[in-house]
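Each chain, letter by letter, is given below.
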Amino acid sequence: MVMFEKESGQPSDQSTVTVMPSNKYSAAIMEENNNMAATAAVNGPMPPPEGLSENDSGVELTNENSPLTAAEPPSPFSPKQNGDAASPQDGNQCLRGSRKRGRKRSEEEEEVNSAWDSYTEDKSSGTSQLGLRQRPRPRTIFQAGLTPHTHAKPRRQNRKQEPVMTPCVGGPRAVASGRVPEAPRLELMEQDSKDSAQSSSTSSSSETQPEYNDSKGFGIGELVWGKIKGFSWWPGIVVTWRATGKRQASHGMRWLQWFGDGKFSEVSADKLDSITAFPKFFSQASYTKLASYRRAIFQALEMASVRAEKTFPPCESDNPDDQVKPMLDWANGGFLPKGEEGLKPTHSADSKPLDLQVLDVSLPEYFPSAKRPRVSVCKSKAAPEESYSREQMVNEVLKHQRSIEDFCLSCGKMRAATFHPLFEGGLCQTCKDVYLEMSYMYDDDGYQSYCTVCCGGREVLLCGNANCCRCFCVDCLDILVDPGASNNARYLDPWRCYMCQPLFQYGVLKRRHDWSLKLQEFFGNDNGQEFEAPKIYPAVPAEQRRPIRVLSLFDGIATGYLVLRDLGFKVDQYVASEVCEDSISVGVVRHEGKIQYVHDVRNITKKNIQEWGPFDLVIGGSPCNDLSIVNPARKGLYEGTGRLFFEFYRLLSEAKPKEGEDRPFFWMFENVVAMGVNDKRDISRFLECNPVMIDAIEVSAAHRARYFWGNLPGMNRPLCASGMDKLELQDCLEHGRVAKFGKVRTITTRSNSIKQGKDQHFPVLMNGKEDILWCTELERIFGFPVHYTDVSNMGRGARQKLLGRSWSVPVIRHLFAPLKDYFACE
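Residues numbered from 1 in each chain as written. Predicted model: local features only at pLDDT ≥ 70, side-chain atom pairs only at ≥ 80, totals over all residues. Heavy atoms only, no water.

Participant: What should I look at first to understand the pattern of salt bridges in this one?
Facilitator: Side-chain pairs of opposite charge can arise whenever the charged atoms involved come near each other. Under the criterion given, the structure shown has 26 salt bridges. Among the salt bridges present, the one from Lys325 reaches Asp329, with a minimum N-O distance of 2.9 Å. Pair noted here: Lys325 and Asp329 are both in helix H6 (residues 320–332), with a separation of 4 residues, about one helical turn. You can call Lys325 partly exposed: its relative accessible area is 46%. Between Arg706 and Glu670 there is a salt bridge whose closest N-O contact spans 3.3 Å. Placement of Arg706 in strand E24 (residues 705–710) and of Glu670 in strand E22 (residues 666–672) is noted, with a sequence separation of 36 residues between them. Accessibility classification places Arg706 together with Glu670 in one group, the buried group. Three or more residues joined by partner-sharing salt bridges are found here, namely Arg546, Asp616, Glu661 and Arg663. (Salt bridge = Lys/Arg side-chain N within 4 Å of Asp/Glu carboxyl O. Helix = DSSP H or I, 4+ residues; strand = E, 2+ residues; numbered from the N terminus. Buried < 20%, exposed > 50% of the residue type's maximum accessible area, 1.4 Å probe, protein only.)

Take a look at the structure:
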């Protein structure tokens with residue numbers, strides 16, 4: 001098998017944006033990485049995408065509906081920060097930049113590179129203000145099953161790369177065939193800067209052409225403020241084109257590497273200004289609100305202080321603001337005493353490489369806990385070590401017979417806060433929060449974005465089971481299983497992950513026999529929030545049951561009504577709030593006008609509820625665009641479409657029985673699993689209950705993990721398939737068509753979300769050729785009747801969008817079935 005390294009997103013045009021959130025928290029405000037080798041993420045060239053959406057919940061961002069603002073570019077590094085923004089280059093972010101695989105480099109390389117060069121030139125020629133970061137050249141990847149120096153084409157590409165904190169000056173990662181890549185050191189990048197600078201000032205080297213010689217200033221190594229159209233000013237450093245792995249900059253343009261995430265953009269020199277203009281371009285509002293902006297400012301000032309040889313007294317306070325304040329005062333004061341002269345880069349032959357500690361530091365709220373302890377830059381004495389490393393944890397378990405349940409399986413800390421849902425062992429509170437957010441994030445190839453064990457991992461192994469979407473990081477294999485486990489796995493093709501292998505113990509790693517139940521319990525219970533058990537209504541005698549009255553908010557394509565009718569309920573009234581005209585058309589046509597549509601949920605008043613009510617069941621699932629952590633421009637629960645949750649909460653409160661009314665009343669709220677922990681807890685606090693997590697993979701042919709809050713009887717009971725559920729993809733296909741996979745990944749509103757596996761294959765074979773899923777087959781996968789969405793002459797794309805936003809019918813049937821003890825049925 002082959003391994004992939006996860007990588008961060010790369011740029012694209014401003015019409016689409018996607019960024020993979022990071023999964024590493026640091027432990028102190030200003031920390032340095034003990035490892036002095038820096039890496040930069042490298043992508044293989046791929047064709048430009050049609051659009052963008054969230055992998056698991058159907059988020060779509062376009063020019064028309066993007067919530068990006070000039071002051072808030074999106075951040076790939078702050079999954080927990082609602083409204084956090086990234087450096088300006090993410091406005092150019094391309095979908096294919098998110099963790100794509102390395103490409104074959106033999107006879108295809110020249111054709112691919114030339115195609116990508118022409119694409120990027122076409123994109124960047126439109127305006128001098130829109131700088132597109134370019135994708136570095138493809139790398140040679142390691143082919144499992146071959147000898148270390150074999151150069152044959154790989155049969156499969158299984159390597160992913162995690163978004164890592166790349167230094168602000170660094171070159172593309174070189175990956176040699178047959179061995180684990182070594183991260184290039186910054187000396188190479190600094191040497192590039194020296195060579196370019198020397199070639200500009202002298203003509204001694206005939207082989208090196210001068211760079212940036214258009215008399216506009218801003219030479220290599222200068223610290224600057226940069227501006228891209230549509231985004232606020234952001235600090236960066238001018239670098240040579242060789243640092244990007246792409247072509248030279250166009251005339252009048254400069255290659256910038258942005259502080260904060262180390263990505264590249266080609267920016268017009270007219271849109272640059274010296275870093276000494278700090279008081280002019282520094283935004284206090286962005287600094288207060290945006291974690292990514294704070295980190296970028298801190299890294300820029302750290303590098304400036306190194307160049308100016310400026311020192312600051314040790315910080316006694318633990319308050320981050322107090323620790324950074326002296327640096328901000330120094331910058332606002334003009335970087336005295338040396339001023340602009342002290343910030344210029346040095347190009348002498350004996351100059352030291354740029355200081356890596358400046359480029360690998362972060363603030364505590366940015367990332368999950370690091371695997372290794374880091375040293376505070378501000379304090380001379382290191383914080384006391386209070387936890388085991390994972391290596392020490394393994395030693396304690398194997399040699400001293402300690403219980404693995406006492407340790408955090410992700411970081412090694414003792415006194416685990418909860419259990420690990422899949423493997424024997426625990427999780428500390430920090431790692432639990434990370435696991436809740438990241439475990440149901442999927443890449444464009446359908447595989448998990450992060451390691452199944454630790455929800456981290458810079459280098460991961462993908463399971464070779466076609467029906468499995470899990471990956472395991474090299475660190476977990478080498479530490480928890482065996483020091484040579486990852487190397488052994490490279491020569492296995494296919495390699496089966498530890499969720500697919502037999503139930504044995506591998507090192508200290510052992511799968512729980514009841515992991516499916518533990519998984520639901522893990523996501524459903526939050527030890528930090530305990531609520532009173534919901535009121536249990538006694539079953540209503542059959543002769544006293546009456547037809548059900550339903551209020552459905554954000555109704556979609558009337559899944560609730562369809563399921564109630566399929567279960568045989570007598571529906572007295574079904575009031576639905578929906579704003580999508582196509583969805584309304586489906587409901588009107590398929591249910592023959594029996595649904596009362598009331599359009600925008602925000603226009604429903606207390607008086608309306610009283611007129612339409614009383615209601616026995618209130619259901620809904622507000623849009624997840626601004627809640628899903630895979631949306632880099634998300635605004636969180638309290639802004640954008642996230643606020644629509646409070647409309648559900650408001651109307652639910654109005655519809656609840658008043659004091660003294662003794663009648664059964666039920667409700668259910670649904671949303672995506674891949675949301676921030678804080679948003680999930682806030683929703684739970686308002687609704688006064690914890691959610692249950694249900695994945696439709698148990699009762700259908702597709703993954704679809706969702707949170708459900710509510711007081712429906714037996715919501716947390718195990719999900720069991722019925723005889724009418726189509727559990728395999730083959731069961732959903734038309735005659736003459738053959739499924740290549742048993743199950744498919746989460747189907748979203750994006751057309752290419754139906755592609756499967758590492759190689760992005762279509763899931764169906766017809767007449768010996770790959771084919772897409774037909775609309776009727778998509779409807780069967782979701783559990784809808786065939787041709788359910790075939791109304792109003794809608795095309796395939798429109799129908800998939802309706803399905804991609806809908807609920808899975810078997811899951812809703814599972815949740816609604818216990819209501820038969822309370823309401824009349826036919």
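After that view of the structure, there is still more to cover.
Participant: Got a minute to help me understand unusual backbone geometry in this structure?
Facilitator: A negative phi holds for most residues other than glycine; trans holds for most peptide bonds. Look at the link from Leu336 to Pro337: it is a cis peptide, with omega at 10°. Here Pro337 shows up in the loop between H6 and helix H7 (356–359). Backbone geometry places Phe335, a non-glycine residue, at a positive phi of 60°. Here Phe335 is to be found in the loop between H6 and H7. Since its relative accessible area comes to 1%, Phe335 is described here as buried. One non-glycine residue, Ser792, lies in the positive phi region at around 55°.

Participant: Looking at this model, I keep getting lost on the sheet that holds strand E26 (residues 764–766). Mind explaining?
Facilitator: Sheet strands pair by backbone hydrogen bonding; their relative direction is either parallel or antiparallel. Across the sheet, which stays open at both edges, the 3 strands sit in the order E25-E26-E27 with antiparallel pairing between neighbours. Looking at strand neighbours, the two that pair on one side only are strand E25 (738–739) and strand E27 (769–771), the edges of this open sheet. (Pairing = 2+ DSSP bridges.)

Participant: Would you explain the pairing of strand E9 (residues 264–268) in this entry?
Facilitator: Strand residues, when the strand is regular, have side chains that alternate between the two faces of the sheet. Where burial is concerned, most of E9 is hidden: 5 out of the 5 residues are buried. Residues Phe264, Glu266 and Ser268 point to one face of E9 and Ser265 and Val267 to the other, with burial holding for every one of them. Taken together, strand E8 (residues 253–258) and the strand that follows it, E9, pair antiparallel across an intervening segment of 5 residues, in which Gly260 is found at a positive phi of about 110°.

Participant: I'm lost on the state of the cysteines in this one. Help?
Facilitator: What we call a disulfide is simply a covalent bond connecting the sulfur atoms of a pair of cysteines. On inspection of all chains with the given rule, the structure shows 0 disulfides. A disulfide-free cysteine, Cys455 has its sulfur positioned 7.1 Å from the sulfur of Cys454, the nearest such atom. We classify Cys455 as buried; its relative accessible area is 1%. Here Cys463 is not disulfide-linked; the sulfur of Cys500 is the nearest cysteine sulfur, at 3.7 Å. Judged by its relative accessible area of 0%, Cys463 falls in the buried class. (Disulfide = S-S within 2.5 Å.)

Participant: Which parts of the structure should I look at to understand the pairing of strand E21 (residues 617–620)?
Facilitator: Of the two faces of E21, both are covered, the one formed by Leu617 and Ile619 as well as the one formed by Val618 and Gly620. When strand E18 (residues 548–553) meets E21, the two strands line up parallel, connected through 4 bridges. Bridging from a neighbouring strand, Leu553 pairs with Gly620 of E21. Where E21 meets E22, 4 bridges bridge the pair, whose relative direction is parallel. When the sheet's bridge partners are listed, Val618 is paired in E22 with Trp667. A crossover links E21 with its parallel partner E22, the connecting element being helix H16 (residues 644–655), and its sense is right-handed. (Right-handed = clockwise from strand over helix to strand, strands pointing away.)

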